[in-house]
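What follows is the residue order along each chain.
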Amino acid sequence: MTAVAFVGYLRRELAPTPGRGSATFRLTLACVIATIPILTHRIPHALIVMIVMYLITQEDTAATLVGSILAVAGVTVGLGAALLAWMVALDIAWLRIGCFVGFIVAGLWLKRVLVVGALGSALGLPAALVMVLPDVAPIPPESLVEFVLWIWWCVTLGLAVNVGVQLLLAPGDPLTLLLRELDARLHAVENTVRELAGATELAPPPTGMSLDALATAGMSRPLALLKTASLTNARARQRHETLAATITLVDRLVTDAGALRLLVSSTSSAPLREPLVRVADSCARARQALAEHRWPPSAERAALPRSVDGVATPPPLADMERTLEQLSVTARVESPRPATKETGPHLLLPDATTNPEYVRFAVKGALAALICYVLFIGFDYPGIYTSVITCFVVSLSTIGSSNQKGLLRFGGAAVGGVMGLVALVYVFPNVDGLGGFWLVFAAGTAVAAWINFGSPRISYGGYQTGLAFYKATLQTLGPAVSATVVRDRLIGVAFGLTVFGLVEHVLWPVRAADRMHARLADVFRSLAAFARVASRLRDDGGGVDARRHLISQQVTDVQGFIESSKFEPGAGADDAQAVERLTADAQTIFLVLLAIARDAESAAMYPEVARAAAIRVDEDAAAILDGLADRVQHGGATPAMTGDGSLRAFERSIAAQVDAVGEEATHAGTLSLYRELAVAVNRVATSGTLAAQAAAA
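This one's a predicted model, so the numbers in the text were calculated from it and none came from an experiment. (Residues numbered from 1 in each chain as written. Predicted model: local features only at pLDDT ≥ 70, side-chain atom pairs only at ≥ 80, totals over all residues. Heavy atoms only, no water.)

Within the chain, arginine 42 stands out as a residue other than glycine whose phi angle is a positive 50°. If you trace the backbone, arginine 42 turns up in the loop between α2 (20–40) and α3 (46–56). Look at arginine 42 and you get exposed, because its relative accessible area is 58%. A positive phi angle, close to 55°, is found at aspartate 380, a residue other than glycine. Note on placement: aspartate 380 falls in the loop between α15 (356–378) and α16 (386–393). (Helix = DSSP H or I, 4+ residues; strand = E, 2+ residues; numbered from the N terminus. Buried < 20%, exposed > 50% of the residue type's maximum accessible area, 1.4 Å probe, protein only.)

In structure tokens, the structure reads:
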């Protein structure tokens, strides 16, 4: 990335966005309030009080409240387990090191398999750090328990103050915030398309919500809001698949609009004005439907011609019309009232005990942390104990996601360290009294909080900025005079990143770009298995909810890998976009299959001839999806499904079912679902060829 591009990236990421200023104010106020009991009661470890606020605070109140409760519970259990381990291993060095490794492995494994992965960090990391405490801060054994209890109290104090401020001042529902995010994206797309169509009077978008900024942000924030909403909101949990598909499709509209703006100018778009206005009007209807918590019926549209008045139709424009049609399909085929009772959120991922990748992930992180632990003890340099924490927090599922977090960790530590040095050297010597301290403290907190409430591409850097700043300014209850903690923290972070990077590249390396294709292939195989039994789940003995949860998790993984792949060297943007298009198509098929399965569970038995025709449709759809999974995973090694192959057979089986069932009202809804399935499968089979070519490239 060039210097100009980096400056532009920072300008976009640090630009004001709706709710960012108020969230920054709330977090700054909570941190300032927390200094009152710290200073009046001379509470040690004030740094912990501050950093837990950054870790837990979210823009929506529900996420903050749930996270605070889980954090207190996790830290309590983790510290309690560490104290029990101390009773046995405090004086036995090798056993204490073994407990340290065990807590790291357990915390990292739980971090991957728990639906709320942060709970694993709250359980494992504090317990592991307690095990190294005698080497980092050599204090008398009788004082160690008191030290640990102070840590627990600091965590509880920080979370209690923060929750109080957030509940009093935060607006907070995650589902409302998610719908606002989607509306902002549709608004930006609508304005871009209308501008290309020649419109001059446009409604201004929300501050900071430009098309470029939204394209840069990607799907990370909407997906995070969806995860929180699914945990706390029954309506969001029931419509999880539809909302996830909507997020993917709306992000696809954003990228298409950006590409269209590069290909078409407002002066050369006169022949395309009609389709441009049609797309803009569809975006406006979609925004209105989201605001009313519904989706409009599908509008009749003609296929875009290849050229209009001699001007070739740009592919992004054609894709935008198809995407808007898919947006309508995703809600139109959803069953509003599932036949089975809606279950609550799950605690573990479906493959928590069967996927060996989770164990490998924990072993890699624990090995890197152990290496750092042994080396900083061997070099008698306990000040870089942050290398152990670094190995834990940057230990993520892929190289791309680890690279992203590692860069943000070091960059945030550097920025916060510079701010702390400026405060120590130039500001604190020239201010007197508590008011001056609060002014400097609040200014530094506000900078870190502003970064923290940016997009997921930069927010972790805000937490690291605040942590480094507090390391410098909250060293003791008196004036801070030493800058060595800033130096040691930077060295520890850099050392931890180096060790973990080496371990990650040597031991079971996992690239996000590779996992992206493999996981998408898993999605299509799961869809194929679902399609084979969609119309006869009662005979198969399977349930809709189990398949729904598995495929939803696989789709979520693919969406995460798409974002992580952008931080890996050599990853292609075209490849990620092709996979995103296929993911959206797969989500449409998933929703149609869910509707078919629920209809089959609640409908009366079909005539035998109709039942045979439905089974034939299921088998042909499954064959296409299985073939597509092989093409996605192996980069197009298998032949495309065209001509008289699977697609033609699938179309014939659909026609056979129509002839068998007839068009009577009893089966009209079922036939419409199978027609939607035919459209969705044909679309994904056609676009799958392009994605396979991109993967091969």
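Having seen it, we continue.
Using the criterion set out here, one finds 16 salt bridges in the structure. The closest approach of N and O atoms between glutamate 619 and arginine 532, which form a salt bridge, is 3.7 Å. Separated by 87 residues along the polypeptide, glutamate 619 in helix α25 (residues 608–634) and arginine 532 in helix α21 (residues 512–533) bring together distant segments of the chain. The class of glutamate 619 is partly exposed, set by a relative accessible area of 33%. (Salt bridge = Lys/Arg side-chain N within 4 Å of Asp/Glu carboxyl O.)

Attention now moves to the environment of isoleucine 51. Of note, isoleucine 51 is situated in helix α3. Note on isoleucine 51: relative accessible area 15%, which makes it buried. Along the primary structure isoleucine 51 and glycine 158 are separated by 107 residues, whereas in three dimensions their C-alpha atoms are 8.2 Å apart. Once you skip the residues sitting within four places of it in the chain, isoleucine 51 turns out to touch Tyr463 and Leu467. (Contact = heavy atoms within 4.5 Å.)

In this section: the packing of aromatic side chains. Going through the model one piece at a time under the given rule, you end up with eight aromatic pairs. Residues phenylalanine 100 and tyrosine 373 carry aromatic rings whose centres are separated by 4.9 Å and whose planes lie at 55° to one another, so their mutual orientation is tilted. Of this pair, phenylalanine 100 sits in helix α5 (residues 93–113) while tyrosine 373 is found in helix α15, placing the two residues 273 residues apart along the sequence. By relative accessible area, tyrosine 373 is classed as buried at 4%. Ring pairing ties together the aromatic residues Tyr54, Phe428, Phe437, Phe441, Phe469 and Tyr470, which thus form one cluster. The positively charged end of arginine 112 is found above the aromatic ring belonging to phenylalanine 361, 5.0 Å away from the centroid. (Phe/Tyr/Trp six-rings, centres within 6.5 Å; stacked < 30°, edge-to-face > 60°. Lys NZ or Arg CZ within 6 Å of the ring centre and 35° of its normal.)

Here serine 526 shows up in helix α21. Given a relative accessible area of 14%, serine 526 falls into the buried group. Not counting residues up to four positions away in its chain, the partners in contact with serine 526 are Leu550, Ile551 and Gln554.

On to the nonpolar core. Counting 86 residues, the largest nonpolar core has Val189, Phe524, Leu527, Ile589 and Leu677 as the members making the most contacts within it. For this core, the element with the most residues is helix α24 (residues 573–602), which contributes 14 residues. If sequence neighbours within four positions are ignored, valine 189 has contacts with Leu211, Leu253, Val254, Ala257, Cys283 and Met320. Membership of the second largest hydrophobic core comes to 85 residues, among which are Ala82, Ile104, Val148 and Leu467. (Core = buried A, V, L, I, M, F, W, Y, C linked by side-chain atoms within 4.5 Å.)

Our next topic: helix α13 (residues 273–291). Since the α-helix packs 3.6 residues into each turn, any two residues three or four apart lie on the same face. With 19 residues, α13 ought to run about 27 Å at 1.5 Å a step, and its terminal C-alpha atoms sit 27 Å apart, in line with that. Restricting attention to buried positions, one finds in α13 the residues Pro275, Leu276, Val279, Ala280, Ser282, Cys283, Ala286, Ala289 and Leu290. (Expected span 1.5 Å × (residues − 1).)

With 23 residues, α15 extends 33 Å between its outermost C-alpha atoms, agreeing within 8% with the 33 Å of an ideal straight helix rising 1.5 Å per residue. Of the positions making up α15, those classed as buried are Glu357, Tyr358, Phe361, Ala362, Lys364, Gly365, Ala366, Ala368, Ala369, Cys372, Tyr373 and Phe376. Of the surrounding elements, those touching the buried residues of α15 are α5, α6 (118–136), α16, α20 (484–506) and α21. Taking the backbone nitrogen of glutamate 357 as reference, a side-chain oxygen 3.0 Å away marks asparagine 355 as the first, capping residue of α15. Aspartate 380, located one to two residues past α15, shows a positive phi value of around 55°. (Polar contact = N/O pair within 3.5 Å; in protein donor to acceptor, adjacent residues only side chain to side chain.)

On to the environment of leucine 214, then. Residue placement: leucine 214 occurs in helix α9 (residues 211–217). Residues leucine 214 and glutamate 181 lie 33 residues apart in sequence; the distance between their C-alpha atoms is 9.6 Å.

This part takes up a nonpolar patch on the surface. Together, Leu367, Ile371, Leu375 and Phe379 line one region of the surface with nonpolar side chains, adding up to about 350 Å² of accessible area. As for its position among the elements, phenylalanine 379 is in the loop between α15 and α16. (Patch = residues over 30% accessible without salt bridge, like charges linked within 9 Å, V, L, I, M, F, W, Y side chains within 5 Å. Areas by Shrake-Rupley, 256 points an atom, 1.4 Å probe, with all protein chains shown as cover.)

On to the side chain of arginine 185. Here arginine 185 lies in helix α8 (residues 174–196). A polar contact of 2.6 Å, which involves the side chain of arginine 185, links it to the side chain of glutamate 181.

The subject of this paragraph is the environment of glutamine 464. Along the polypeptide, glutamine 464 turns up in helix α19 (residues 459–473). Considered as a pair, glutamine 464 and isoleucine 51 are 413 residues apart in the sequence and their alpha carbons are 8.9 Å apart. A polar atom in the side chain of glutamine 464 sits 2.9 Å from the side chain of tyrosine 460.

So, on to the confidence of the model for the protein. Across the protein, the average pLDDT comes to 76, with 76% of residues at 70 or higher. Here residues 296–304 scores under 50 on pLDDT; set against residues more than four positions off or in separate chains, the count is 19 contacts. Note that pLDDT drops below 50 for residues 335–342; the model gives that stretch 13 contacts with residues more than four away or on any other chain. (pLDDT = per-residue confidence, 0-100.)

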